[in-house]
Amino acid sequence: PLGARPFQRENYVTKFRELADGIVTRAEQDRFLNLVMRLPNLTAEELVGLTFTVDPVCLGQAPSRGIFDQGR
């Protein structure tokens with residue numbers, strides 16, 4: 001909307017949860033968001049937590065061939 005209705009923090013959290021639903025567990029979403037909410041105060045050691053893990057069940061099986069397997 002050309003900036004007419006800019007996102008607020010609540011909108012970003014809602015969008016993150018919508019996109020992560022069924023892929024990232026709720027507990028992992030909560031852990032990640034709790035760190036993000038404290039971003040200005042995080043220590044260097046805590047910055048490592050600004051990532052999240054995906055439930056392996058959601059990843060499926062790895063393809064039998066990758067992009068570097070061409071010609072093999």
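An account of the accompanying structure is given in this report. (Residues numbered from 1 in each chain as written. Predicted model: local features only at pLDDT ≥ 70, side-chain atom pairs only at ≥ 80, totals over all residues. Heavy atoms only, no water.)

## What to know about the packing of helix H1 (residues 9-20) against helix H2 (residues 26-37)
For any two helices packed against each other, the geometry comes down to the angle between their axes and how far apart the axes lie. The test is simple: To define axes, lines are fitted to C-alpha atoms, for helices over the stretch in contact only, and angles between the resulting N-to-C directions are given on a 0 to 180 degree scale. The helix and strand labels rest on DSSP assignments: H or I over at least four residues marks a helix, E over at least two residues marks a strand, and numbering proceeds from the N terminus. Working definition: roughly parallel below 35 degrees, roughly antiparallel above 145 degrees, roughly perpendicular at 65 to 115 degrees, and oblique for all remaining angles. By definition, any crossing whose near helix is turned counterclockwise from its far helix by less than a right angle is left-handed, and any crossing with a clockwise turn is right-handed. The criterion used for residue contact is that any of the two residues' heavy atoms lie within 4.5 Å. Amino acids are sorted into nonpolar (Ala, Val, Leu, Ile, Met, Phe, Trp, Tyr, Cys and Pro), charged (Asp, Glu, Lys and Arg) and polar (every other residue, Gly among them).
Where H1 contacts H2, the axes come no closer than 11 Å and their chain directions differ by 150°. Taken as axis vectors, H1 and H2 run roughly antiparallel relative to one another. Relative to H2, the crossing made by H1 is right-handed. Note on element contacts: H2 touches H1 through Arg26, Gln29, Asp30, Phe32, Leu33, Val36 and Met37, opposite Arg9, Val13, Phe16, Arg17 and Ala20. For the contact of H1 with H2, the class distribution of residues is 7 nonpolar, 1 polar and 4 charged.

## Describing H1
Heads up, the condition is: Between the first and last residue of a helix there are one fewer steps than residues, each counted as 1.5 Å, and that sum is the expected span. Classification of residues uses two cut-offs on accessible area relative to the type maximum, computed with a 1.4 Å probe and protein chains only: under 20% is buried, over 50% is exposed, and between them is partly exposed. Note that the arc is computed from the directions linking the helix axis to the C-beta atoms.
Spanning 12 residues, H1 covers 16 Å between terminal C-alpha atoms, matching the ideal 16 Å at 1.5 Å per step. Val13, Phe16, Arg17 and Ala20 are the residues of H1 that are buried. The buried residues of H1 occupy an angular sector of 95° when the element is viewed end-on, so they sit on one face. Set apart from the buried face of H1 by more than 90 degrees, the exposed residues are Glu18 and Leu19. Lining the buried residues of H1 we find H2. Residue Gly22 follows H1 closely and has a positive phi angle near 85°.

## Some thoughts on the packing of aromatic side chains
To describe a pair of aromatic rings, you give the distance between the ring centres and the angle between the ring planes. For clarity, the threshold we go by: Pairing of aromatic rings covers Phe, Tyr and the six-membered ring of Trp, with a centre-to-centre limit of 6.5 Å; geometry is then stacked below 30 degrees between planes, edge-to-face above 60, and tilted otherwise.
Counted by the stated rule, this structure contains 4 aromatic pairs. Through pairs of rings, three or more aromatic residues link up here, namely Phe16, Phe32 and Phe52.

Just geometry here; none of it tells us what the structure is for.
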